[in-house]
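The primary structure of each chain is shown beneath.
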Amino acid sequence: MSFLLVFLSVPTILRVAYYKNLFDEPGKRHIHKKKVPNLGGLGIFIGFLFTYTFFLNWFDFDSVPFLIPSLLVIFSIGIKDDILVTAPMMKLLGQILAAFIVVGFGDIRITDFHGFFGLQPDYFTSLGVSILLIIFIVNGFNLIDGVDGLAGISGVISTLSFSVWFFLNNDMHATIIGVIVIGSLLAFLYYNVFSKTQKIFMGDSGSMVIGFILAVLAIRFMEANASAVRDNLNIPMTSAPAVAVGILIVPVIDTIRVFFLRLSRGNSPFVADKNHIHHRLLTLGFSHIQVALILGLVNILFIAISFLLKDFGMLKLMALNLVLGFVVFYIPAIFIRRKAKKNTQFVMQPRLVGKPVYFNTCIR
């Protein structure tokens, strides 16, 4: 149902976007060369909202409390940014509000640090850490939405990983949420990647909604594996936070890497640039779909490692995922430097008669 709702709604959204001239315009911050509608998140949200309320009880606060009100806040600030552009501080305040609704009122929060140096959070620490985690994942997923197919494919892979585990452990509510998200994203990917005449971008309204749902699923996943309750699970994860990092490895590593790279260069961590991993792969000559598939395969690799080493120990598996993640994400930079070194050299080509000719090429 979610697939059909998105698939059938996007053509109407496109007609409205063309009629009202609602496009993502080309510019320095953008890779695309033509203006493209960026209201794909509207279709994704419609597909999720209607399917969720049809199959699950909207007022079933015992399952995922206050999920819909939080998503309405996230979607509202996202769609406003897609149409009018929202100041970064206003977006952040909206994200904090949405996170506080689901954490503070819905009590969907981290209550167990899973043996992290023997620490356990009190209520306010749990509240703060949970809100920060949600904001981090929302923005991380928003940042990787830079090439066709990447956010959609990453969203499908991450959501599928959580959903399979929830299904195997009889959490049908979270499983259905995941399946609804996957159906919505598969329909969106058709227009985003394969359609030649009806192309559309996800926009902030889509990427932040998907990031928010994934953040909620990650917290639910970690809480289901808390030491006090995981003995009742069919497949317990003693290293659940580290496994969650493996499932969300692409937005996690890329966000951390870009954040510190900007700081090291004396720039604000909130100023957009083209230092993301997908920009690096594009510089190496890969197409949009190739970039999305490469990073999707990297994501699957880390998920496999995390599930195989689920009992390796939280700190050890977390360190392994983070270190290996930074190593893998640094590899494109090595090839870019080698390519730049070759292409920026002056090569003298002598003629038979006359002065020598110098050739100089460089890469962006």
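Residues numbered from 1 in each chain as written. Predicted model: local features only at pLDDT ≥ 70, side-chain atom pairs only at ≥ 80, totals over all residues. Heavy atoms only, no water.

Student: Residues and numbers for helix H12 (residues 288–308), please.
Tutor: With 21 residues, H12 ought to run about 30 Å at 1.5 Å a step, and its terminal C-alpha atoms sit 30 Å apart, in line with that. For H12, every residue scored as buried is listed here: Val-291, Ala-292, Leu-295, Gly-296, Val-298, Asn-299, Phe-302, Ile-303 and Ser-306. Around the axis of H12, the buried residues are gathered within 160° of arc, so they sit on the same side. Those residues of H12 that are exposed and angled more than 90 degrees off the buried face are Leu-297 and Leu-308. The inward-facing, buried residues of H12 abut helix H6 (150–168), helix H9 (240–247), helix H10 (249–264), helix H11 (277–283) and helix H13 (314–343). (Helix = DSSP H or I, 4+ residues; strand = E, 2+ residues; numbered from the N terminus. Expected span 1.5 Å × (residues − 1). Buried < 20%, exposed > 50% of the residue type's maximum accessible area, 1.4 Å probe, protein only. Arc of directions from axis to C-beta. Contact = heavy atoms within 4.5 Å.)

Student: Lay out the side chain of Asn-38 in plain terms, naming residues and giving numbers.
Tutor: Position of Asn-38 among the secondary structure elements: in the loop between helix H1 (2–20) and helix H2 (40–55). Here the side chain of Asn-38 touches Asp-82 through a polar contact of 3.4 Å, landing on its backbone oxygen. Among residues more than four places away in sequence, those in contact with Asn-38 are Leu-22, Phe-23, Asp-24, Asp-82, Phe-201, Met-202 and Gly-203. (Polar contact = N/O pair within 3.5 Å; in protein donor to acceptor, adjacent residues only side chain to side chain.)

Student: Could you give an account of a nonpolar patch on the surface, with specific residues and numbers?
Tutor: On the surface, a cluster of nonpolar side chains totalling about 440 Å² of accessible area is made up of Leu-160, Val-164, Phe-167, Leu-168 and Met-172. Tallying contributions element by element places H6 first for the nonpolar patch, with 4 residues. Looking at where Leu-168 falls in the secondary structure, it is placed in helix H6. (Patch = residues over 30% accessible without salt bridge, like charges linked within 9 Å, V, L, I, M, F, W, Y side chains within 5 Å. Areas by Shrake-Rupley, 256 points an atom, 1.4 Å probe, with all protein chains shown as cover. Salt bridge = Lys/Arg side-chain N within 4 Å of Asp/Glu carboxyl O.)

Student: Can you lay out the packing of aromatic side chains for me, pointing to particular residues and giving the numbers?
Tutor: Across all of its chains, the model carries 14 aromatic pairs by this definition. On the basis of an interplanar angle of 40° and a centroid distance of 5.4 Å, the ring pair of Phe-7 and Tyr-191 is categorised as tilted. Of this pair, Phe-7 sits in helix H1 while Tyr-191 sits in helix H7 (residues 172–194), placing them 184 residues apart in sequence. Among the residues examined, Phe-7 registers a relative accessible area of 28% and is labelled partly exposed. When its relative accessible area of 2% is taken as the criterion, Tyr-191 is described as buried. Both rings, one in Phe-100 and one in Phe-105, keep their centres 5.7 Å apart while their planes meet at 85°; by these two values the pair is edge-to-face. (Phe/Tyr/Trp six-rings, centres within 6.5 Å; stacked < 30°, edge-to-face > 60°.)

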